[in-house]
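# Structural characterization, general
Each chain, written out:
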Amino acid sequence: GRNYIKTDKYEEAGHFLNLSLNISKKIGAKDDVKQAYSSLSDLFDKKGDFKQAYYYHKQYSDIKDWKGLHFEKIMSMQTQYIRIYALSDGYLNKPE
C-alpha cells in the first residue's frame, strides 16, 4: 500500500492498506495494525481528506500509547469471537 501512495495510485493503496489492516487485526499482529493505521493516515493526508487522515492517525496514536497487554487481550477476544462464529456456522468442521 505504501508503494502505491508513493506513486499516487491512491485507490490501489487504499485497497491494500485496508486488506492489510483487516488481516492484521484477525491474526493479532499489533505492529502491522499500527503500521496500517499510520499508512492510512498518510494516504488520506495525501488525498486532502484531513478528517479521515486525523481519524486514522488517532487510531494509530491510541494503539501506540496502549500497553501491549491491553491490545493483546482485545485481539485475543476478537480471535475467540471469530473462532466461535466460524464453528457455529460449521466453517471449521467442513471436510476438505
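Scroll up to find the structure.
Please read all numbers here as calculations on a predicted model, not as lab measurements. (Residues numbered from 1 in each chain as written. Predicted model: local features only at pLDDT ≥ 70, side-chain atom pairs only at ≥ 80, totals over all residues. Heavy atoms only, no water.)

### Overview of the pattern of salt bridges
- Under the defined criterion, the tally for this structure stands at 3 salt bridges.
- A salt bridge links aspartate 42 to arginine 2; the shortest N-O distance between them is 3.0 Å. Of this pair, aspartate 42 sits in helix α3 (residues 30-47) while arginine 2 is found in helix α1 (residues 2-6), placing the two residues 40 residues apart along the sequence.
- With a relative accessible area of 35%, arginine 2 lands in the partly exposed category.
- The salt bridge involving aspartate 31 is made with lysine 34; its shortest N-O contact spans 4.0 Å. Here the residue aspartate 31 and the residue lysine 34 both occupy positions in helix α3, the gap between them amounting to 3 residues, near one helical turn. (Salt bridge = Lys/Arg side-chain N within 4 Å of Asp/Glu carboxyl O. Helix = DSSP H or I, 4+ residues; strand = E, 2+ residues; numbered from the N terminus. Buried < 20%, exposed > 50% of the residue type's maximum accessible area, 1.4 Å probe, protein only.)

### Let's talk about the packing of aromatic side chains
- Taken as a whole and assessed by the stated rule, the structure comprises 4 aromatic pairs.
- Considering the side-chain rings of tyrosine 4 and phenylalanine 16, the 5.7 Å spacing of their centres and the 10° angle between planes classify their relative orientation as stacked. Pair noted here: tyrosine 4 is in helix α1 and phenylalanine 16 is in helix α2 (residues 10-27), with a separation of 12 residues, a long-range link.
- Judged by relative accessible area, which is 30%, tyrosine 4 ranks as partly exposed.
- Judged by relative accessible area, which is 37%, phenylalanine 16 ranks as partly exposed.
- Judged by centre distance (5.6 Å) and plane angle (10°), the rings of phenylalanine 44 and tyrosine 56 are stacked. (Phe/Tyr/Trp six-rings, centres within 6.5 Å; stacked < 30°, edge-to-face > 60°.)

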